[in-house]
Amino acid sequence: MVMDLKPKETIGEVRTELALKLEMAKDEGKKVVGFMCSYFPIEMALAAGAIPVGLCGTTGEPIAAAEKVLPADQCPMVKATYGRSVSNTCPIFPLADCIVGETTCDGRKKMYELLAREKPIHVMDLPQKPDERDALIHWIAEMRKLKVFLEGQLGVMISNEDLRKAIKQINKERRLLKEIHACRKHHPVPIMGRDLVGSSTKFGYTVDREEYVSNLTRLLAELKRRIRDKEFACSPARPRILWTGLGNSLGCDKVLKLVEECGGVVVCQEGCGGVTRFDDLADEEAEDPIQALAERYLRVTCSCMTPNTSRFEQIDRLISEYRIQGVIDLTWQFCHTFNIESYRVSELVKGKHGLPFLHVVTDFSKSDVGQLRVRVEGFIEQMTMGRRHVSDRCAQS
Amino acid sequence: MHHLSIFAGIDVGSLAAKAVLVDRGRIVAKSTIATGADPQQAGKKVFEQALLLAACRPEDIAFIVGTGYGRIALPFAHRTVTEITCHGKGAYHLHSETRTVIDIGGQDSKVIRLDESGRVYDFVMNDKCAAGTGRFLEVMARALELELDELGEFFLQSGRPSLINSTCTVFAESEVISLLAQGETKQNITAGLHLAIARRVSNMAARVGIQPEVVFAGGVAKNVGLRKALEDALGIRFAQMDIDPQLMGALGAAIVAKEEYEGRGWSWI
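Only a predicted model underlies this, so the values are computations on that prediction, with no experimental measurement involved.

Draft legend 1. Representation of the overall build of chain A within the structure. The secondary structure content of chain A amounts to 15 helices and eight strands. For 397 residues, the compact-globule estimate of 2.2 N^0.38 gives 21 Å, and chain A sits close to it at 21 Å. Based on the C-alpha atoms only, the size of chain A along its principal axes is roughly 65 × 45 × 45 Å. Counting the 397 residues in chain A, one finds 60% classified as buried. Per element, the accessible surface of chain A, about 15900 Å² overall, is 52% carbon and sulfur. Between the averaged position of the 57 positive side-chain charges in chain A and that of its 56 negative side-chain charges there is a distance of 3 Å.

Structure follows, in C-alpha cells:
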C-alpha cells in the first residue's frame with residue numbers, strides 16, 4: 001500500500017488525537033510521564049510501564065498566557081512550554097502524572113520552578129562539560145535519582161531487566177529512524193524535509209511503541225520504494241540543505257516551510273530533534289543499564305554543553321554524507337547558547353567547506369516572515385545562480 | 001527585433017520604487033517615485049514612467065525582473081529576485097572589481113560579498129527592526145526639524161559629535177530629544193546619529209568581512225555625511241560610481257533580466 005506522507009493534520013489536531021488515546025490508556029490504569037528534551041532517558045519511563053510524552057512547547061498559542069508570569073524577553077520554547085501548563089491550550093499537559101526536566105539552560109531551569117506548582121516535577125542536574133570524567137559519575141547518580149522519583153510517583157519498581165528491555169525497544173526505533181533519514185542521502189531525495197518532520201512528529205506522539213515501530217517500518221518501506229521506482233520528492237535542481245540548531249518539529253516549522261517554498265530542500269536535520277539524536281544507541285549488553293543510559297544521554301550535543309566538540313564533528317560528517325550545498329542554522333530568540341555557538345558553525349561551514357551559510361534568529365510568531373523570506377530567497381539564489389561546481393558535486397553519484 | 005534588446009529591472013522598496021531600462025548593457029531610462037501605501041500601484045507607475053522616458057511600449061521589453069520588498073506585487077514581472085542578488089549584480093556590472101556591497105535602504109541594511117565572477121557568496125542583514133536604516137534617518141530628521149537631505153551637511157559641520165548609544169529608532173529619538181533639551185547643537189547630534197549607524201553597519205560588515213572594492217548603495221548612500229562616517233569606520237574608501245546609488249537594485253534586476261533572457265541565468269526550480 002502506498003503511504004500518504006503528506007500529513008494534513010495540524011499540530012493541534014495531532015495533540016488532540018493523542019490526548020484521546022492517552023485518556024483511554026489512563027482509564028486502563030496506565031501512567032503518563034511528560035518530558036521536555038532529548039536529555040530525558042525515555043527508556044526509564046518505558047521501563048516503569050508508563051507512556052512518555054513530549055511536552056516541550058512548539059507553538060505560539062500558549063505564549064500569551066505564559067507572559068503573564070514569565071518575562072516577554074525569554075526563549076519562545078520556554079514560554080510555550082510553561083504556557084501549556086497554565087493556559088488550557090494543550091490537551092495533553094493535564095494528562096501527565098508527572099514531569100521530568102533537565103538543567104539544560106537557565107530559562108528552562110528557572111521556568112521549571114514555576115511549573116512545579118502545576119505538576120510533580122523532577123529536574124535532573126545535567127553536567128555541562130561532558131568530556132570531564134566526573135561528569136559521567138554525576139550523571140549516573142542523577143539517573144539513579146530519576147529512577148527513585150519515577151518509582152515513587154508511579155508506584156512501581158524498575159528492574160534492570162525492565163531497563164534492558166526498554167533499551168532494546170528504543171534502539172529498535174532509533175535504528176529505523178536512522179535508516180529512514182539515511183534514505184535522504186539519495187539524490188534527488190524521496191521526501192521533502194517538511195513532510196518528514198510532519199510524519200515523524202505525528203508518529204512520535206504515540207501511546208503504543210509497537211504501533212510506532214510499525215509506522216516507522218512502513219515509512220521506511222515507502223521511502224525505499226520511492227527510491228527504487230525513481231519517484232522523487234522534487235527536482236534535482238533544488239539545493240540540498242542541512243538544517244541545524246532548532247525549529248525542527250511540527251508547529252514551529254515556519255522557516256523550514258519557507259526554505260522549501262523558496263526552492264530549497266532540507267535533506268538532513270542536525271541539532272534539537274535531528275539525526276544525531278537517534279543515530280546514537282545505548283549499550284544493550286551493558287552490565288549496568290543505568291550506566292549505559294547515562295553514557296548515551298551525556299553524548300547528546302545540545303549547545304548547553306561546552307565546548308560541545310562532537311556537534312562540530314557531526315556537522316562536518318553530515319555535510320559530506322548528505323552532499324550538502326548550504327547550511328541553515330536556526331536559533332530561537334534569547335537562546336544564548338545556540339546563538340553564540342552559531343559563529344563556530346559558520347566558521348566550519350563557510351571556512352572549511354566553502355558553503356553558503358544562513359543564521360536565522362526568530363520566534364514562533366509570523367510577524368517576520370516577510371523579512372525572513374528575503375534572507376532565505378537570497379540564500380537559495382546563492383546556490384542556484386550558476387554555482388556549477390556544487391551541482392557537479394551532486395551529480396557525481 | 002531591435003527593441004527586444006531592452007530589459008527592465010523594477011525595485012519596489014519600502015520607501016521608494018525604482019525602475020531601470022537597459023539596452024545592450026547601457027541604461028536608457030531610469031525613474032524613481034515614492035512607494036506610498038500601494039506598492040503594486042507604485043511598481044506599475046514607476047515602470048510606465050521609465051517606458052515613457054525610453055519612448056517604448058511594454059511589449060518592447062524582452063524580460064522584466066522585479067526586486068525589493070514589493071517584488072511580489074508586480075504581476076507583469078517575468079521573475080522576481082531578491083535585492084541581495086540584484087545589488088550585487090548592479091554593482092558588479094558597473095565595476096567588476098566590486099567585492100563588497102553595502103546597501104542601506106528604507107527598512108533594512110545589508111552587507112553583500114561577491115566573488116570574482118560577481119556571484120553572491122555571503123551576506124548579512126539587519127534584524128526585523130528598522131534600526132540604522134532610511135526610516136531611522138527620516139524619524140531623526142523630523143525630531144531635529146531638518147530635511148532628510150540636510151543631514152549629511154550638518155554632519156560635516158559638526159565639531160564634537162554627540163555620543164548616541166542606540167540605533168533603535170524609538171530609543172535614539174528619545175536620546176535626540178534629551179540632547180536637544182541639554183542645548184546640544186543639531187550638527188553635533190546629527191553627527192552622533194551618523195556615527196551610531198556607521199558603528200552598527202561596520203559591526204555587521206565584520207561578520208562577512210570587508211573586501212575592496214566596496215560599493216555603497218541604496219537610498220541612504222546619497223547622504224554624504226554617512227558615506228564619510230562609514231568610510232572612516234571601515235577604514236576604506238568607497239568606489240566612485242556613476243549612478244544614483246538608489247538605482248543599484250533596479251539596475252541589477254535589469255542585468256539579471258538580460259542574463260536570464262539569454263539563458264546565462266540559473267536553472268530554476
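Draft legend 2. Up close: the packing of helix 8 (residues 193–204) of chain A against helix 10 (residues 254–261) of chain A. Residue and element names in this part refer to chain A. Helix 10 packs onto helix 8 with a crossing angle of 145° between their chain directions and a minimal axis gap of 9 Å. Across from Gly193, Arg194 and Val197 in helix 8, the residues of helix 10 making contact are Leu256, Lys257, Glu260 and Glu261. Of the residues assigned to the contact of helix 8 with helix 10, the class counts are two nonpolar, one polar and four charged.

Draft legend 3. Quick peek at helix 11 (residues 289–298) of chain A. Residues and elements named next belong to chain A. With eight of 10 residues buried, helix 11 is to be regarded as a mostly interior element. Among all positions in helix 11, only Pro289, Ile290, Ala292, Leu293, Ala294, Arg296, Tyr297 and Leu298 are buried. Next to the buried residues of helix 11 lie helix 2 (42–47), helix 6 (133–154) and helix 7 (160–182). Near the N-terminus of helix 11, the side chain that reaches the backbone nitrogen of Ile290, with its oxygen 3.0 Å away, is that of Asp288.

Draft legend 4. Fine view of the sheet that holds strand 6 (residues 100–104) of chain B. Residues and elements named next belong to chain B. One open sheet accounts for four strands, arranged 8-7-6-9; its pairing is mixed. If you trace the sheet from one side to the other, it starts and ends with strand 8 (120–125) and strand 9 (214–217), each paired once. Across the sheet, the mean angle separating the axes of adjacent strands is 15° when strand polarity is ignored. Where strand 7 (residues 109–114) and strand 8 come together, five bridges link them in antiparallel fashion.

Draft legend 5. Geometry of the environment of Cys304(A). Residue and element names in this part refer to chain A. Relative to the elements of secondary structure, Cys304 occurs in the loop between helix 11 and helix 12 (309–321). Cys304 sits in the buried class, given a relative accessible area of 8%. Sequence separation between Cys304 and Glu341 is 37 residues, and the spatial gap between their C-alpha atoms is 9.5 Å. In this structure Cys304 touches Tyr39, Thr104, Leu126, Gln128 and Thr337, once residues within four positions along its chain are discounted.

Draft legend 6. View of the nonpolar core. One finds Val33(A), Leu115(A), Met143(A), Leu150(A) and Val259(A) to be the most contacted residues of the largest nonpolar core, which totals 117 residues. A per-element tally of this core places helix 6 of chain A first, with eight residues. If we skip the residues at most four places from it in the chain, Val33(A) touches Phe40(A), Ala45(A), Ala50(A), Ile51(A), Pro52(A), Val53(A), Cys98(A), Val100(A), Leu150(A) and Leu154(A). Residues Ala191(B), Met204(B), Val214(B) and Ala221(B) belong to the second largest nonpolar core, which totals 38 residues.

Draft legend 7. How the structure looks around empty space enclosed by the protein. All names here are of chain A. For the coordinates displayed, the defined rule picks out two cavities of 30 Å³ or more. In this structure, the largest cavity occupies an estimated 1100 Å³ of space. Looking at the largest cavity, it is lined by 44 residues, and the ones nearest its centre are Phe35, Ser38, Gly204, Ser249 and Gly273. Of all the elements in the fold, those that place two or more residues in the lining of the largest cavity are helix 1 (11–27), strand 2 (51–54), helix 7, helix 8, helix 9 (209–228) and helix 11.

Draft legend 8. Expanded view of the pattern of salt bridges. Residues and elements named next belong to chain B. According to the stated counting rule, one finds 52 salt bridges over all chains in the structure shown. Its salt-bridge partner being Glu184, residue Arg160 comes within 3.8 Å of it at the nearest N-O pair. Linking Arg160 in the loop between helix 4 (151–156) and helix 5 (169–181) with Glu184 in the loop between helix 5 and helix 6 (186–208), this pair joins segments that are 24 residues apart in sequence. Taking relative accessible area as the criterion, Glu184 reaches 18% and is therefore assigned buried.

Draft legend 9. Just the packing of aromatic side chains, in detail. With the rule as written, the count across this model stands at six aromatic pairs over all chains. Chaining the aromatic ring pairs together yields one cluster made of Phe7(B), Phe63(B) and Tyr261(B). Looking at Arg296(A), its charged tip hangs above the ring of Tyr297(A), at a distance of 4.7 Å from the centre.

Draft legend 10. Structural view of the interface of chain A and chain B. Listed as interface residues are 22 residues of chain A and, on the opposing side, 22 residues of chain B. Here chain A and chain B share an interface that buries about 2100 Å² over both sides, 54% of which is from carbon and sulfur atoms. On the chain A side of the contact with chain B, Val374(A), Arg375(A) and Met385(A) bury the most area, a combined 29% of that side's loss. For the pair chain A and chain B, the interface holds two salt bridges. Note that Asp122(B) is salt-bridged to Lys350(A), the shortest N-O span being 2.5 Å. Listing elements by their share of the side of chain A that touches chain B, those giving two or more residues are strand 8 (357–362) and helix 14 (369–384) of chain A. It is helix 14 of chain A that contributes the most residues to the side of chain A that touches chain B, 10 residues altogether. For the side of chain A that touches chain B, a count of residues per class yields seven nonpolar, seven polar and eight charged.

Draft legend 11. A look at the sheet that holds strand 4 (residues 121–124) of chain A. Residue and element names in this part refer to chain A. Here we have four strands laid out as an open sheet, ordered 2-1-3-4, and parallel in their pairing. Two strands close off the open sheet at either side, each with one partner strand: strand 2 and strand 4. On average, each strand axis in the sheet is inclined to that of its neighbour by 25°, with strand direction left out of account.

Draft legend 12. Main features of the confidence of the model for chain A. Scored by pLDDT, chain A comes out at a mean of 93, with 96% of its residues at no less than 70. Contacts from residues 387–397 of chain A, a stretch scored under 50 in pLDDT, to residues over four places away or in other chains number 15 contacts.

Draft legend 13. Representation of helix 5 of chain B in the model. All names here are of chain B. End to end, helix 5 covers 18 Å across 13 residues, agreeing with the expected 18 Å (1.5 Å per residue, within 8%). Restricting attention to buried positions, one finds in helix 5 the residues Thr169, Ala172, Glu175, Val176 and Leu179. Seen along its axis, helix 5 keeps its buried residues to an arc of 120°; they face one direction. Those residues of helix 5 that are exposed and aimed more than 90 degrees away from the buried face are Val170, Phe171 and Ala181. In this structure, the buried side of helix 5 is in contact with helix 3 (134–144) and helix 6. Once helix 5 ends, the next one or two residues include Gly183, with phi positive near 85°.

Draft legend 14. Focus on the layout of surface pockets. The space that makes up the largest pocket amounts to roughly 920 Å³. For the largest pocket, the lining is made up of 33 residues, of which Val361(A), Val124(B), Met125(B), Asp127(B) and Arg207(B) are closest to its centre. Broken down by secondary-structure element, the contributors of at least two residues to the lining of the largest pocket are helix 13 (336–352), strand 8 and helix 14 of chain A together with strand 8 and helix 6 of chain B. Here the element with the most residues in the lining of the largest pocket is helix 6 of chain B; it accounts for seven residues. Here the lining of the largest pocket is composed, by residue class, of 14 nonpolar, 10 polar and nine charged.

Conventions used here
Residues numbered from 1 in each chain as written. Chains lettered and ligands numbered in written order. Predicted model: local features only at pLDDT ≥ 70, side-chain atom pairs only at ≥ 80, totals over all residues. Heavy atoms only, no water. Helix = DSSP H or I, 4+ residues; strand = E, 2+ residues; numbered from the N terminus. Rg over C-alpha atoms; globule rule 2.2 N^0.38 Å. Buried < 20%, exposed > 50% of the residue type's maximum accessible area, 1.4 Å probe, protein only. Areas by Shrake-Rupley, 256 points an atom, 1.4 Å probe, with all protein chains shown as cover. Lys, Arg positive; Asp, Glu negative; His and termini not counted. Charge placed at Lys NZ, Arg CZ, Asp CG, Glu CD. Axes fitted to C-alpha atoms, helices over the stretch in contact; angles between N-to-C directions. Contact = heavy atoms within 4.5 Å. Nonpolar A, V, L, I, M, F, W, Y, C, P; charged D, E, K, R; others polar. Polar contact = N/O pair within 3.5 Å; in protein donor to acceptor, adjacent residues only side chain to side chain. Pairing = 2+ DSSP bridges. Core = buried A, V, L, I, M, F, W, Y, C linked by side-chain atoms within 4.5 Å. 1 Å grid on protein atoms, 1.4 Å probe; cavity = no way out; pocket = protein on both sides within 12 Å on 5 of 7 lines; lining within 4 Å. Points joined across faces, edges and corners; volume = space filled by probe spheres on them. Salt bridge = Lys/Arg side-chain N within 4 Å of Asp/Glu carboxyl O. Phe/Tyr/Trp six-rings, centres within 6.5 Å; stacked < 30°, edge-to-face > 60°. Lys NZ or Arg CZ within 6 Å of the ring centre and 35° of its normal. Buried area = accessible area lost by both parts, 1.4 Å probe. pLDDT = per-residue confidence, 0-100. Expected span 1.5 Å × (residues − 1). Arc of directions from axis to C-beta.

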